[in-house]
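Commentary on secondary and tertiary structure
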Amino acid sequence: MTDPARPPQRLALRRLLARAAILFEALWPALWPPLGVVGLYLCAGLLGLPQALPTLLHLLVLLLAVAATAYLGWRGLHRVRFPDRRSADRRLETSSGLTHRPLSVLSDKPAGGDELSQAVWRAHAARAAAQIGRLRVGAPHPGLARRDPRAIRFALVLGLVAALVIAGPDAPSRVLAALTPAMPSGLPGQPVELQAWITPPAYTRVAPIFLKAQGGTVSVPAGSHLTVNVSGGESVPTLALNDKSDPFAPLDRTSFQAERDLGRGGTLTVRRDGHTMAAWSLTVVGDLPPTVEWGEQPGRQPMSQQTRLPWKVADDYGVVSLQAELRLKARPGAPPLVTTIPLPGGSPKDAHGVSQQDMTAHPWAGLPVTARLVAKDAAGQTGASANIEFELPERPFRHPIARALIAARKTLSLHPDDRGDALEILDGLMQQPQAFRGDVGAFTNLSAIYYQLVRDKSPAAVPQAQQMMWELALHMEEGQTEQTARELEEARQAARDAMDKAQQNPNDATRQALEKRLQELREAIDRHLQALAEQAMRNNDIQPFDPNALQMTNRDLDRMAQQAEKAAREGRMQDAQKQMDALERMLDRLRNARTGQGENQKQQAQRKRGKQQMGAIQDMIQREAGLMDKAQQRGDQGGQLGSDPKQQREADRRVQQALRRSLGELMQQFSDLTGQMPPSLGEADQAMRDAMNRLGQGDDVEAGRAQQQAIEALQKGAREMGQTMAQQFGRQPGQGQEGEDGEGEDGENAFGMMMPDDRNGPGRSAGPIPGNPQRADPNGRDPLGRSAQGQSPDTNDAMVPEERERQRTQAIQEELRRRGGEQQRPRQELDYIDRLLKQF
């Protein structure tokens, strides 16, 4: 028989659940509108919108939100009633699909009191109680879909989630700031002033950042220092960054200051008396390490023995140092060869360049190395490039003993612990004393090297022996010129050091020291050139240099040294450095010159092509000058020249277009020949395009100016072409060393091409030059103006270079004065001639 107590317990639980479902269905529709207002305000607060409003407007919006929430909550809740038992029973019967209201039977009583009626009622009640186990409450159905057919509630929830993601860890502080508008603090008559600024680290070279009192967003470098001052009021404010809050330090009774180093971002808030005075969204940007990479493949500099190290560096606040680390490929564990690469402008943020260094004296010269670049910023962070392999350039030796010594030196670099191969080479040389041709000192040094390696087993003996091998190889290779070459190198280094000191600390003492060192360098150059000349006279069958080239080099070197010395004496350190650099390049070429180095067929073909291209540039300059003269004549005569100026302009425009097209083809050919593009030719192309457009617009004056710019750019580009070809293909026999602008004496470039001389006006040549090696003198004189019939150098017909220069200058002045006196020439040309005359 069923326990009569259990049905009521089951029924009570289901009635409770039914009442909860009915209450939820009544409460949720009533609470949704005020909760929607709260959610909307929270979204705005997480995004920082109320905080961006003025204080009073922020407070008004907050009060409106609170009022709307209260009103909508009251309107929805005042009609909600707690469900009674009958409502719960009807819910259970409806959800369970029961008919005839069986739950009411459990609480009703029969009307009749006879036994039969009671028995029937008990049977009916038992049947009703048996249905309690099948009762279901059912899921609540608040019916929001009917009230919100556009599903705005889901959009609000999605917006709230998105705002939380955007706010991130700042969400709590943003919500708090949205709910507590900043109220002005301080007593009436005591104005409160807040000043806040952030000082970035000194190495960033970023100016201090001042924060606005009304707040905002700011980004600062990592390691910056925050300072906040509050003046006015007596209560102590607090400075909070995220979850860390600190009180201000009092400066006096009404002044306070707070400082903090910024390592991470967040919400920065200044509060006083429970109110927010100012708030900022702070982002701290970390200092990234520098990036460095190879500009291109390093290796030997063309036509030189120097090592070419192309580099590129970048850093957000500047690179302070750059160095190359070279490791011997065969011995990667050996200490690296570290060389410093100078950076332009101190600490550049983005720079590139090519460092050229002479490493031929290092024991690894001629061996494969693995190199990488290492850059460092002011914060101490480093960045490294990828490793790259190349062969360290070496100096070529032709003397057999010198070559054997260098070979022994290399074996010690590859296998410093195994001296057997090096000793075998040295022993072989000692068995051939006749190869030293009576040079007892050299043979004695060789013996000292051999016995040092045999007797001294310490690791330090190897580099000492390698240095002695290098010096002995130089002695055997250079012969009697070795001493003067060493003196010259020492004088070069002394002048270089004096130049650095004069630039770092310019004063009379450093300038005088530099002037003295440059004078010593001139004397060392003279002694070395004299030694080379004597050596050439002794070895009639081996001519170290072309005689004309030697004489031109002597003159050019002396001129460069004199100009550097004069610039230093007058305090023009930049010009002195420029002349010193040119002098260094000429001395490098002099040092690298070798016996019997003829031109191969490829170099001859390249030089020929280069001459043809430079000849095309000269022809282009003349044609451009003709177009400029026509444009100036039309401009001076107001467009009345000829019968139809418009047709003349159109014809000149077509010629200008053809010249520009030819220039483009020539630029491509020169790039294919040398791998480089003179930047001035690009400027000439731009000027030609401007001239072509001006001619199309009928503006002769501006067209003439653009054509003049094109001529000047072509002249400069021609000099750059000559300099590039001289560096890559060398000079022709019989020509002197080029100066820093790629030209030799008398306006020639390194290939014997006559360069345009703008001292007679753009595109106009000064005429034949005496002594030009490419123009035969009808009297049969050599490049220095001397008779080529075999007379000695001290005959009276030798033309002194200074006299030739003076005559040439006088001729140019006379021609300029003649042209300046022709007043019918265009005013622009007369002004140009006047400027040229002032240079004399």
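What counts, and where the lines are drawn
Per chain, residues are indexed from 1 in the order of the written sequence. Local features are withheld for residues below a pLDDT of 70 in this predicted model, meaning they are given only at 70 or higher, and side-chain atom pairs are given and counted only at 80 or more; totals for whole chains, interfaces and linings count all residues. Each side-chain value is worked out from all heavy atoms of the structure, with water and hydrogens disregarded. Numbering goes from the N terminus for both helices and strands, where a helix is a DSSP run of H or I of at least four residues and a strand is a run of E of at least two. Partly exposed describes any residue whose relative accessible area lies between the buried limit of under 20% and the exposed limit of over 50%, with all areas from a 1.4 Å probe on protein chains only and scaled to the type maximum. In this description, contact between two residues means that some pair of their heavy atoms is separated by no more than 4.5 Å. Areas reported as accessible are Shrake-Rupley estimates using a 1.4 Å probe. Residue values count occlusion only from the protein chains shown. This arc is taken over the directions from the axis of the helix to the C-beta atoms. Stacked, tilted and edge-to-face are the three classes assigned to paired rings of Phe, Tyr and Trp, where Trp is represented by its six-membered ring and a pair needs centres within 6.5 Å; plane angles under 30 degrees give stacked, over 60 edge-to-face, the rest tilted. Salt bridges are defined by distance alone: a side-chain nitrogen of Lys or Arg within 4 Å of a carboxyl oxygen of Asp or Glu. The criterion for strand pairing is that DSSP finds at least two bridges linking the strands in question. Only residues whose relative accessible area exceeds 30% and that form no salt bridge are eligible for patches; like-charged ones are grouped when within 9 Å, while nonpolar side chains (Val, Leu, Ile, Met, Phe, Trp, Tyr) are grouped when within 5 Å. pLDDT is a residue-level measure of predictor confidence that goes from 0 to 100.

Across its full length, the protein holds 21 helices and 19 strands. Buried residues in the protein amount to 42% of all 840 residues. A sequence separation of at least 24 residues applies to 67% of the contacts in the protein between residues at least 6 apart. On the protein, roughly 44,700 Å² of surface is accessible, and the fraction owed to carbon and sulfur atoms is 53%.

Attention now moves to helix 9 (residues 420-430). Turning to helix 9, its buried residues number three or more, namely A422, L423, L426, L429 and M430. Looking down the long axis of helix 9, one finds its buried residues gathered within 120° of arc, a one-sided arrangement.

This brings us to the environment of F436. Relative to the elements of secondary structure, F436 occurs in the loop between helix 9 and helix 10 (440-455). We classify F436 as buried; its relative accessible area is 4%. Placed 40 residues apart in sequence, F436 and M476 show a C-alpha to C-alpha distance of 8.4 Å. For F436, the contacting residues outside a window of four places in its chain are I401, L429, A442, F443, L446 and M476.

Okay, the packing of aromatic side chains next. In total, this model carries five aromatic pairs according to the counting rule given. Ring plane angle 40° and centroid distance 6.4 Å describe the contact between W197 and F210, whose orientation is recorded as tilted. Within this pair, whereas W197 is found in strand 1 (residues 193-199), its partner F210 is found in strand 2 (residues 209-211), the two being separated by 13 residues in sequence. The class for W197 is partly exposed, based on a relative accessible area of 21%. Plain terms: the ring middles of Y450 and Y451 are 5.1 Å apart, the flat faces sit at 90° to each other, and that makes the pair edge-to-face. What makes Y450 buried here is its relative accessible area of 17%.

Turning our eyes to something else, we now look at the pattern of salt bridges. According to the stated counting rule, one finds 18 salt bridges in the structure shown. The shortest N-O distance in the salt bridge between R260 and D246 comes to 2.5 Å. With R260 in strand 8 (residues 255-262) and D246 in strand 6 (residues 244-247), the pair connects residues that are 14 residues apart, well separated along the chain. A salt bridge links K630 to D652; the shortest N-O distance between them is 4.0 Å.

Let us now look at the pairing of strand 1. Burial along strand 1 is one-sided: L194, A196 and I198 are buried, while E193, Q195, W197 and T199, pointing the other way, are not. Here strand 1 runs beside strand 4 (residues 224-231); their pairing, made up of seven bridges, is antiparallel. By the bridge assignment for strand 4, W197 is matched with T227. The sheet contact formed by strand 1 and strand 2 spans three bridges and is antiparallel. Looking across to strand 2, one finds that I198 is bridged to I209.

The subject of this paragraph is a nonpolar patch on the surface. A cluster of nonpolar residues, L53, L57, L60 and L64, forms a patch on the protein surface that exposes about 340 Å² of accessible area. You can see L60 is positioned in helix 2 (residues 55-77). Overall, L60 belongs to the partly exposed group, its relative accessible area being 45%.

Glancing now at the confidence of the model for the protein. Residues with a pLDDT of 70 or more make up 71% of the protein, whose mean pLDDT is 76. pLDDT under 50 marks residues 1-7. Its contacts with residues more than four places away, or in other chains, come to two contacts. Here residues 538-552 is a poorly scored stretch, pLDDT under 50, and it has 31 contacts once near neighbours within four places are set aside; other chains count.

On to unusual backbone geometry. The phi angle at R205 is positive, at roughly 55°, despite the residue not being glycine. Mapped onto the secondary structure, R205 falls in the loop between strand 1 and strand 2. A relative accessible area of 52% places R205 in the exposed class.

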